[in-house]
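Chain by chain, the residues:
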Amino acid sequence: MRIARNIWANVSGQGFKCRKCNHKKATALKGGRTAHLMCTLCKREESPTAGTLFHRVRFGLRKAFFIVYEMSTSSKGLSSIQIANRYGISQKTAWYFMQKVRLAMESSGNHPMKGKVQVDEFTIGGKEKGKKGRSYDAKKKKIVGAVELTEDNKIKRFYALPIDNYSGKELRSIFTKHIDKGAKVETDGWKGYNKMKKEYDIRATKSLPGINFNEIHTVIQNLKSWLRAIPTHISREHTKAYLDEFSYRLNRSIHKETIFDGLIKRMIGLPPINYQNLRLCN
Ligand SMILES: [Zn+2]
């Protein structure tokens, strides 16, 4: 009963409240699962995780919270195989739960980047040839990324989205979702950005390695090494989920003490999702 009450207090922030009749008193279920309580008025059985992304987590909330903690704090790439071994669950179960965590890491896009912003396009996956510039290798996944900088060029935030090609139509996605119309945007000389010049303040400069765009190139290199360290194949349709995970941690690296709580809150705020829909949504 004590455990159930603690979990309720942590999850809801206010202890038990019946979802059917709003009654605030409950009793523990005899022989029931630890976190389940029964409303003393209408006898409805409630789970604190109903209606959240933790709904029907088969391996228990304790392990689930540990996995969320690892994903929100570890800068090393974690694969579902490693998590499965560590927590004694199947790889599929681990993958499914980790995708839910990544779903909660997705940016709302409600706080577009302002001030100094650098935008660049790049590829991930496939073999690195040390070739500069846009790659047209079909095996690689094309990405457009943007970094928000402080006045003295410190990295504030980074977002990235998968794109199908380097056309203006595709590159626009990062502008629409993450860049404020008033931002001072820097891009390389690629003509794909020309279309956005009417709406955005864009300065195109030829990209010179080591001379300019150092900030965004550093973040891109970090992203690539993080992805390489994850011993798993990342399919095209799930690329975005991994980009979201990388950005979520990077953008909160100065708020380490609240990153875990914040992620738990997001997961509680999102409705349950089944395996089928999760496969489709990224
Ligand atoms: Zn009730």
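Heads up: the structure comes first, above all this text.
Report on the accompanying structure. (Residues numbered from 1 in each chain as written. Predicted model: local features only at pLDDT ≥ 70, side-chain atom pairs only at ≥ 80, totals over all residues. Heavy atoms only, no water.)

1. With respect to helix 6 (residues 214–229)
Reasoning step 1: Taking 1.5 Å as the rise per residue, helix 6 with 16 residues should run 22 Å; its terminal C-alpha atoms sit 23 Å apart, in good agreement.
Reasoning step 2: Of the positions making up helix 6, those classed as buried are Glu215, Ile216, Val219, Ile220, Leu223, Lys224, Trp226 and Leu227.
Reasoning step 3: On the buried face of helix 6, the contacting elements are strand 4 (116–124), strand 5 (141–149), strand 6 (155–163) and helix 7 (239–251). (Helix = DSSP H or I, 4+ residues; strand = E, 2+ residues; numbered from the N terminus. Expected span 1.5 Å × (residues − 1). Buried < 20%, exposed > 50% of the residue type's maximum accessible area, 1.4 Å probe, protein only. Contact = heavy atoms within 4.5 Å.)

2. Let's talk about the pattern of salt bridges
Side chains bearing opposite charge may pair, as long as their charged atoms lie close to each other.
Reasoning step 1: Within this structure, the stated rule accounts for 14 salt bridges.
Reasoning step 2: One salt bridge connects arginine 157 with glutamate 148, and the closest N-O pair in it is separated by 2.9 Å. The pair arginine 157 / glutamate 148 is uniform in exposure class, with both members buried.
Reasoning step 3: Between aspartate 244 and lysine 240 there is a salt bridge, with the nearest N and O atoms lying 2.9 Å from each other. With aspartate 244 and lysine 240 both in helix 7, this residue pair falls four residues apart, about one helical turn.
Reasoning step 4: The class of aspartate 244 is buried, set by a relative accessible area of 8%.
Reasoning step 5: For lysine 240, a relative accessible area of 16% translates into the label buried.
Reasoning step 6: In the salt-bridge network here, residues are joined through shared partners; they are Glu106, Lys177, Lys240 and Asp244. (Salt bridge = Lys/Arg side-chain N within 4 Å of Asp/Glu carboxyl O.)

3. A closer look at the side chain of glutamate 70
Reasoning step 1: Examined against the element boundaries, glutamate 70 turns out to sit in helix 2 (residues 61–73).
Reasoning step 2: With a relative accessible area of 17%, glutamate 70 lands in the buried category.
Reasoning step 3: Setting aside residues up to four positions removed in sequence, glutamate 70 forms contacts with Leu78, Ile83, Arg86 and Tyr87.

4. Regarding the environment of arginine 157
Reasoning step 1: One can find arginine 157 in strand 6.
Reasoning step 2: For the pair formed by arginine 157 and arginine 252, sequence separation is 95 residues and the distance between their alpha carbons is 8.4 Å.
Reasoning step 3: Those residues in contact with arginine 157 that sit more than four places away from it in its chain are His111, Pro112, Met113, Ala146, Val147, Glu148 and Asn251.
Reasoning step 4: Within the local environment of arginine 157, its side chain forms a polar contact with the backbone oxygen of proline 112, the two atoms lying 3.4 Å apart.
Reasoning step 5: One polar contact links arginine 157 to tyrosine 159, side chain to side chain, over a distance of 3.4 Å. (Polar contact = N/O pair within 3.5 Å; in protein donor to acceptor, adjacent residues only side chain to side chain.)

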